[in-house]
Each structure stands twice: as structure tokens, then as C-alpha cells.
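Next come the chains, spelled out residue by residue.
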Amino acid sequence: MSSSIVTDNSSEPPMDPAEQFALGVECVGKNEAEAVEWFRMAAQRGHSDAQVALGFMLANGRGVDTNEAEAVDWYRKAAEQNDAVAQCLLGTMLENGRGVEKNKTEAVEWYRKAAEKNHAVAQCNLGSMLANGSGVDKNEAEAVEWFRNAAEQNDAVAQCNLGIMLEDGSAVDKNETEAVEWYGKAAKKNNASAQFHLGVMLENGRGVDKNEAEAVEWYRKAAGQNHAFAQYNLGSMLAYGRGVDKNEAEAVEWYRKAAE
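Here the structure is a predicted model, which means the values were calculated and not measured.

Student: Quick question: what am I supposed to make of the overall build of the protein chain here?
Tutor: Across its full length, the protein chain holds 14 helices and zero strands. Ordered by position from the N terminus, the helices and strands of the protein chain form the series α-α-α-α-α-α-α-α-α-α-α-α-α-α. Here the C-alpha radius of gyration of the protein chain, 24 Å, is well above what a compact globule of 260 residues would show, namely 18 Å. The principal-axis extent of the C-alpha atoms belonging to the protein chain is close to 100 × 40 × 30 Å. For the protein chain, long-range pairs separated by at least 24 residues make up 42% of all intrachain contacts whose partners lie at least 6 apart in sequence. Across the protein chain, 26 positive and 42 negative side-chain charges occur, with their mean positions spaced 5 Å apart.

Laid out in C-alpha cells, this is it:
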């Protein structure tokens, strides 16, 4: 034999992908380009958390040029490993046609997989698709179930959506008192839609004692987040001096913002 078989005498064992992922996490917010490098190394070795993290960085242009198509690829790899976060994110990309052709039917499938793993955002999103008949046959009763599951995990959007369903009463027994409770929970998390709906209930004494002054406070919070209906209602309260000192000049300002 003309040459000798040799052994690898390097002193350092190959780094575990979990260690590579952990190093990437440490770099987030400090050196995101380096974070992307570590995530990519771990992702290429099949680490699902790293695949999700790399997808997120690519989707949002953090530490790397935005590349939604590649982000979708990494989300899909992790989703196929039954990672609930990846399944939800892949559903979002498919629902909105980001980095991939819009496919609401497939989005529903991925949301459902993640929802069944108790992923709150996926439960909320699946509920929304069912409530609107988007990518799936409309089923408001099932939507309520998913909203409730997510709401009980403190998902603010689900809490607001559940409140809307309870206030409406078309798919569940109408219960304005419970609707107010869920609006209140979401409003305290700064959800603008919930703040608006809570203001409406307080203004009109629905499911709660009428309190125009508190309604104004919630309208103002939502209006400050550019919620057009809240801006209009706040303008109305100011124009007529309901729950607040009459101020027609400020009312005009809010009406104008609502119209823009």
C-alpha cells in the first residue's frame, strides 16, 4: 500500500447543533449577522428550533437580507418535524402569500396541526379562518372553541375575538357580560380592537354598568393606536361632552384622523 490510513487527531469534537443554536440565541440583539450564521449551521443539521429561528431572521431581514421564500423553506423543514411554532408561522406565510403562493387551504391545515399541539396563536388563527370561511368551510361554533382555548392561554387577539362572538350570539349563546370580561382582559394587554369594543359596551351599558367617562378612556387608548372607529367615537364623545368636557376643536381633530 503506497499511502497510510491516518486518524483525525483534532482535539475538539464537532459542536453539537444544540450548542450552535444556543450561541445564535446569545448573539440575537448583539450581533445578528453572527446569530444567523450559527442558526444556519444548526439548521442545516436538522435542528428544528434553529430552522425556525433562521426562518424568522430571513423573514424579517434581521442580520441578513430579507428573503421570505427561503424563510418559508426553513419553516417547512421544521414544520415537517412537528414543530408547532414552525407550523403556525408557515400557516401565516401561506395565508398571506409571503414568500410562497397564497394558499389558505394549506394554511388552515398547518394552523390545525399547531393548534392541536395547544399553540395559542395557531388556535386563534384557525378560529379566524373558521369564523370567516377562509380556506375552510365556515364553522363559527368550532371557531368559538378555538378562540376560547387560545383566550384561556392569554392570547389577546383570541380574547377579543371570543368577546365579539359572545356579544354577537350567532354561534354561541349571547352573553354580553362575559363578552365584557374578555374585552377587558384583551384591552389591558393594549389590544386596540378590544379597547374599542369595551368602550362601546361601557358607553351603552351593555353587559356592564353604563360609564361614559370610562368609555372615553378606552376610546382614547384605541384611538391612539389609529383605530378609526375609536377615533370617530372619541370625536363624538368630545363633540357632545359625553363622559368628558365638551371640546369641539379636539373632536374635529379625531374625526379628521378617522377619515384619513
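Student: Quick question: what am I supposed to make of helix 6 (residues 104-115) here?
Tutor: A turn of α-helix holds 3.6 residues, and therefore any two residues three or four places apart point the same way. Between its first and last C-alpha, helix 6 extends 16 Å over 12 residues, near the 16 Å set by a 1.5 Å rise per residue. Buried within helix 6 we find Glu106, Ala107, Val108, Trp110, Tyr111, Ala114 and Ala115. Contacts made by the buried residues of helix 6 are with helix 4 (68-79), helix 5 (84-96), helix 7 (120-132) and helix 8 (140-151). You can read the cap of helix 6 off the contacts: a side-chain oxygen lies 3.3 Å from the backbone nitrogen of Thr105, and it is on Asn103.

Student: Explain helix 13 (residues 228-240) to me, please; I cannot follow it from the model alone.
Tutor: For helix 13, which comprises 13 residues, the first-to-last C-alpha distance of 19 Å matches the rise-based estimate of 18 Å (1.5 Å per residue) to within 8%. Of all the residues in helix 13, the buried ones are Ala230, Gln231, Asn233, Leu234, Gly235, Ser236, Met237, Leu238 and Ala239. Buried residues along helix 13 sit in contact with helix 11 (192-204), helix 12 (212-223) and helix 14 (248-259). One or two positions beyond helix 13, positive phi appears at Gly241, with a value near 65°.

Student: Whenever I open this one, the packing of aromatic side chains confuses me. Can you help?
Tutor: Geometry of an aromatic ring pair is reported as the spacing of the ring centres plus the angle between the planes. Counted by the stated rule, this structure contains four aromatic pairs. Centroid distance Phe196 to Tyr219: 6.2 Å. Interplanar angle 35°. Geometry classified as tilted. One end of the pair, Phe196, is in helix 11; the other, Tyr219, is in helix 12, and 23 residues separate them in sequence. Exposure class is identical for Phe196 and Tyr219. Each is buried.

Calculation criteria
Position numbers for residues start from 1 in each chain and track the written sequence from start to end. Side-chain atom pairs in this predicted model are given and counted only at pLDDT of 80 or more, local residue features only at pLDDT of at least 70, and totals for whole chains, interfaces and linings cover all residues. Each side-chain value is derived from all of the structure's non-hydrogen atoms; neither hydrogens nor water enter the calculation. In this text, helices come from DSSP runs of H or I with a minimum length of four residues, and strands from runs of E with a minimum of two, each type numbered from the N-terminal end. Values of the radius of gyration come from C-alpha atoms, whereas the globule rule sets the reference at 2.2 Å times the count of residues to the power 0.38. A contact between two residues is defined here by any heavy atoms of the two lying within 4.5 Å. Counting rule for charge: Lys and Arg are taken as positive, Asp and Glu as negative, and neither His nor the chain ends is counted. By convention, the charge on Lys lies at NZ, on Arg at CZ, on Asp at CG and on Glu at CD. Expected helix span is given by 1.5 Å per residue-to-residue step, counting one fewer step than there are residues. Here's how the labels work: a residue is buried when its accessible area is under 20% of the maximum for its type, exposed when over 50%, partly exposed in between, all with a 1.4 Å probe on protein chains only. Pairing of N or O atoms within 3.5 Å defines a polar contact, subject to two protein rules: one partner must be a possible hydrogen donor and the other a possible acceptor, and residues neighboring in sequence count only if both atoms are side-chain atoms. The criterion for an aromatic pair is that two Phe, Tyr or Trp rings (for Trp, the six-membered ring) have centres within 6.5 Å, with stacked assigned to planes under 30 degrees apart, edge-to-face to planes over 60 apart and tilted to the rest.

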